[in-house]
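Residues per chain are reported as follows:
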Amino acid sequence: MRNRTFLFMPGNNPGMLASAQCLGADVVIFDLEDAVAQLEKDAARTLVSHALTELRPQGVGVTVRINGLDTPYWQADMQAVVAAGTDFVMVPKIESAEQMLQVAEAIESARQKCGSTATVKALAIIETPLGIENAYAIASASKTLHGILLGAEDFTASMGAQRTAEGAEIAYARSRLLTACKAAGVLAIDTPFPFVSDLEGLEKDAAFAVQLGFDGKAVISPHHVHRVNQAFMPAPDKVNWARRVMATARKASEEGKGAVSLDGMMIDLPIIKRAERILLLADA
Ligand code: GLV
Ligand code: MG
């Protein structure tokens, strides 16, 4: 499964749920949290469960964002979506390793209750100052955790920061979360770009996420999907370079040579690792 784009879709909109597999996103996120008003929480849960069983999107990863652990809804959400079948359960506002373990236990107990043998992994959203401070503890808390998304809207709101297209206000949170994810070996998913009609800003923001090393990016509009997918595909000249690096390294190793160079650049282990990642992204 590719993981360049994670598209949020409101869990109370049947038309959008039905179109989930046609929008080009690698993973769709049916949202039961902030896109759904309090009075509609139960109806949306039923609708999303129905979409998972009856209209199961094919060829894309499926996630449901359930309500947070501090709400009266999350346990019913968890049981319903695990029973209906989902690849991932996304849990918002995770702030500690203990909460991550609570999520992992809840997934396991929901699976047992409905007799499911399918693997269900967790995606956490970190979107508070405390969550950012605890990023590595969260990222390394449980094998059930597949990846972490930065939620910059809630984060900047709780920091009292302004949210801008340039994103200087989230520089630390991005880097902290990214480093924690890489250290723990889970996917690092960048925050959505919130200015829906600023497509030039979106492209810059996605290119920056790629530059930093994020594995994918969330999107809040179907119009953003294609551009973000493209940003995560390595350019042909980079793929070509990576192939030449690998060929040069292979030849050197066959000939028993240590240090070799290509276009005046030493081909050492970090360069080989970079080339491997480019080829992995190109083929994924
Ligand atoms: C996502 O949940 C965000 O708060 O940005
Ligand atoms: Mg949020």
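See the structure printed just above.
Keep in mind it's a predicted model, so treat the numbers as computed, not measured.

Asker: I'd like a description of the site of ligand 1, backed by residues and values.
Answerer: Inspection of the region around ligand 1 gives Arg65, Glu127, Gly151, Ala152, Glu153 and Asp154 as its neighbouring residues. Contacts to ligand 1 include arginine 65, whose side-chain N or O atom sits 2.9 Å from an oxygen atom. Within the contact set of ligand 1, an oxygen atom lies 2.9 Å away from a side-chain nitrogen or oxygen of glutamate 127. Look at ligand 1: alone it shows 190 Å² of surface, and the protein chains cover 90% of it. Looking at which element gives the most residues to the shell around ligand 1, the answer is helix H7 (residues 152-159), with 3 residues.

Asker: With reference to specific residues and values, describe the packing of aromatic side chains.
Answerer: All told, the structure shown has 1 aromatic pair when counted by the stated rule. Summarising the aromatic geometry, the rings of phenylalanine 193 and phenylalanine 195 are spaced 5.5 Å apart at their centres and angled 70° between planes, so their arrangement reads as edge-to-face. You can call phenylalanine 193 buried: its relative accessible area is 1%.

Asker: So what's going on with the coordination of the magnesium ion (ligand 2)? Residues and values would help.
Answerer: For the magnesium ion (ligand 2), every protein donor is listed as Glu127 (OE) and Asp154 (OD), and the spread of their distances is 2.0 to 2.1 Å. A residue pair is termed long-range when its members are at least 10 positions apart, and glutamate 127 in the loop between strand E5 (121-126) and helix H5 (129-133) and aspartate 154 in helix H7 qualify at 27 residues. According to the relative accessible area criterion, aspartate 154 is partly exposed, its value standing at 26%.

Asker: Run through the pairing of strand E2 (residues 27-31), naming residues and quoting values.
Answerer: Along E2, 5 of the 5 residues are buried, which leaves the element largely enclosed by surrounding structure. Across the two faces of E2 the burial is the same, with Val27, Ile29 and Asp31 and Val28 and Phe30 all buried. Relative to E2, strand E1 (residues 5-10) is paired through 5 bridges, and the arrangement is parallel. For phenylalanine 6, the partnering residue across the bridge sits in E2 and is valine 27. Inspection of the sheet shows E2 paired to strand E3 (residues 61-65) by 5 bridges, in the parallel sense. The residue bridging phenylalanine 30 from the neighbouring strand is valine 64, located in E3.

Each value, and the rule that gives it
- The residue count restarts for each chain, going from 1 along the sequence in the order it is written.
- To read the labels, note that chains go from A and ligands from 1, taken in the order they are written.
- Restriction of local features to residues with pLDDT of at least 70 applies here, the model being predicted, together with a cutoff of 80 or more for giving and counting side-chain atom pairs; totals for whole chains, interfaces and linings are based on all residues.
- As a rule here, side-chain values cover all heavy atoms of the structure and leave hydrogens and water aside.
- Proximity criterion: a residue is near a molecule or strand once any of its heavy atoms comes within 4 Å of it.
- What qualifies as a polar contact is a pair of N or O atoms within 3.5 Å, subject to a donor-acceptor requirement within protein and to the restriction that residues adjacent in sequence count only when both atoms come from side chains.
- Where accessible areas are quoted, they stem from the Shrake-Rupley method and a 1.4 Å probe; at the residue level, only the protein chains shown are allowed to cover.
- To qualify as a helix, a DSSP run of H or I must reach at least 4 residues; to qualify as a strand, a run of E must reach at least 2; elements of each kind are numbered from the N terminus.
- The rule is short: rings of Phe, Tyr and Trp, with Trp giving its six-membered ring, pair when the centres are within 6.5 Å, and they are stacked under 30 degrees, edge-to-face over 60, tilted in between.
- Burial status follows relative accessibility: with a 1.4 Å probe on protein chains alone, a residue under 20% of its type maximum counts as buried, one over 50% as exposed, and anything between as partly exposed.
- Water is not part of the atom set, so a site may look incomplete; the donors themselves are N, O and S atoms within 2.8 Å of the metal, or 3.2 Å for Na, K and Ca.
- Pairs of strands are assigned from DSSP output, requiring at least two bridges between the strands.

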